[in-house]
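Coordinate inspection notes
Okay, here's what each chain looks like letter by letter:
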Amino acid sequence: MKRAIALIRNFSFVLIGLMFACNSPRNESAGNFFQWTDSYGREVKLSHEPQRIISLSPSITEMIFLLQAEEKLVGISDYCQYPPETNKIKRVGGLQNINVESLLALQPDVVLIGSIVPKKEVEMMEKMGINVIAIKEETKIEGLFSALKVLGDITNRKQLAQDKTIEFHQKLATITIENISEDQRKKVYYVVGFGDAGDFTAPGNSHIHEIITMAGGHNVGSELTTWNISREYLFETDPDIIIIRKENYDQFMKTYPYTLLNAVKQSHVYPIESGWIDIVSPRNIWAVKYLNDKILL
């Protein structure tokens, strides 16, 4: 709890400025617009500001829109679904079945990927003369700001990236958790999966655990190291609050034995937009606020 409070309340905006000034990728040297060591440990360079970008990561795509650089996007992956305007952009396949011919046809200046794209796919694209930059798929919300900073450099939106980072920290600072002692924290269960296929929730090393903690809750999966949770453990912990993707809400509420959980009986089950919570993205801030509101009811 102290760590979450420190993150929210004691963040120095002066340090944000220093982070952007001192830790940004090297940039704007003669004939070298961008230079950086990417998440695969490769020295990557762009000689000029890219005007044609392909994003193969939903989080990266979302942040490019946030930086108002969406006019540079000429292609995205099949998984990039937010914001709705992505429907107007050419799709080039998934993460495991990238259509390299489609990439080439779009003549990108650079392809931006998350670190979950197989390295062999990266090497294949590079052999065909495509610039590829891998930006780490973050597992912590703080990592979101690092990715935003790098994308601000690549899209030439440095100031906007810095402004958005400050804005996000200010929004987090409005979350009220100081008066919630450790033993008063409500037990929160996020339903990742349920039913005959098994029960799944967010373990303690996930960004979803961080969202729950920052909102002032106690994640019932905090002691887990995998996404599996036994039904016996779920009923033993008996969560105070259940959060579930809105598309699964109705089915969960009428499925036995979950109907026996006190949170279900007392209507303390709350639907959430999956895009707010399932990946590390700017919308995680909305998830923290939403969950904090439910915890304080």
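Within every chain, residues take consecutive numbers counted from 1 along the sequence as written. Local features in this predicted model are restricted to residues of pLDDT 70 or higher, and side-chain atom pairs are both shown and tallied only at a pLDDT of 80 or more, whereas totals for entire chains, interfaces and linings draw on every residue. For the side-chain quantities, the full set of heavy atoms in the structure was used; hydrogens and water were omitted.

1. A short note on the overall build of the chain
- Each helix corresponds to a stretch of at least 4 residues labelled H or I by DSSP, and each strand to a stretch of at least 2 residues labelled E; elements are numbered beginning at the N terminus. Tallying secondary structure elements over the chain gives 13 helices and 11 strands in all.
- Remark: exposure states derive from per-residue accessible area (1.4 Å probe, protein chains only) relative to the maximum for the residue type, with buried under 20%, exposed over 50%, and partly exposed in between. Counting the 297 residues in the chain, one finds 52% classified as buried.
- Contacts were defined at the residue level, with two residues in contact if any of their heavy atoms lie within 4.5 Å. Nonlocal contacts in the chain, meaning residues at least 24 apart in sequence, comprise 61% of its contacts between residues at least 6 apart.
- The accessible surface values rely on the Shrake-Rupley method and a 1.4 Å probe; as for residues, cover is taken only from the protein chains in view. Accessible surface, the chain: about 13,900 Å² in total, of which carbon and sulfur atoms supply 51%.

2. Comments concerning the nonpolar core
- Here the nonpolar core consists of buried residues drawn from Ala, Val, Leu, Ile, Met, Phe, Trp, Tyr and Cys, with membership extended through side-chain atoms lying within 4.5 Å. Counting residues in hydrophobic clusters, the biggest one holds 54 residues, and the most contacted among them are F34, L112, I133, I135, I154, I243 and V288.
- It is helix α6 (residues 141-154) that contributes the most residues to this core, 8 residues altogether.
- Apart from the residues lying within four places of it in its own chain, the contact partners of I135 are W36, S39, I60, I113, G114, S115, A147, V150, L151 and I154.
- Among the nonpolar cores identified, the runner-up in size contains 17 residues, and L56, V74, I98 and I113 belong to it.

3. Some points on the packing of α6 against helix α7 (residues 158-172)
- Throughout, an axis means a line fitted to C-alpha atoms (over the contacting stretch in the case of helices), and angles, computed between N-to-C directions, take values from 0 to 180 degrees. Viewed as axis vectors pointing N to C, α6 and α7 meet at an angle of 160 degrees, and their least axial separation amounts to 7 Å. Our classification of the angle between α6 and α7 gives roughly antiparallel. Seen along the crossing, α6 lies across α7 with a hand that is right-handed. Taking contact as the criterion, the partners of E142, F145, L148, K149, G152 and D153 in α6 are, on α7, K158, A161, K164, T165, F168 and H169.
- Across the contact of α6 with α7, the residue classes tally to 4 nonpolar, 3 polar and 5 charged. By definition in this entry, angles of less than 35 degrees are roughly parallel, angles greater than 145 are roughly antiparallel, angles of 65 to 115 are roughly perpendicular, and the rest are oblique. Each crossing is labelled by how the near helix is turned from the far one, with a counterclockwise turn of less than a right angle marking it left-handed and a clockwise turn marking it right-handed. Side-chain classes follow a simple rule in which Ala, Val, Leu, Ile, Met, Phe, Trp, Tyr, Cys and Pro form the nonpolar group, Asp, Glu, Lys and Arg form the charged group, and the remainder, Gly included, forms the polar group.

4. Notes on the environment of E121
- Tracing the chain through its elements places E121 in helix α5 (residues 119-127).
- Look at E121 and you get buried, because its relative accessible area is 8%.
- For the pair E121 and L95, spaced 26 residues apart in sequence, the C-alpha to C-alpha distance is 8.9 Å.

Scope: geometric values only; no functional claims are made or implied.
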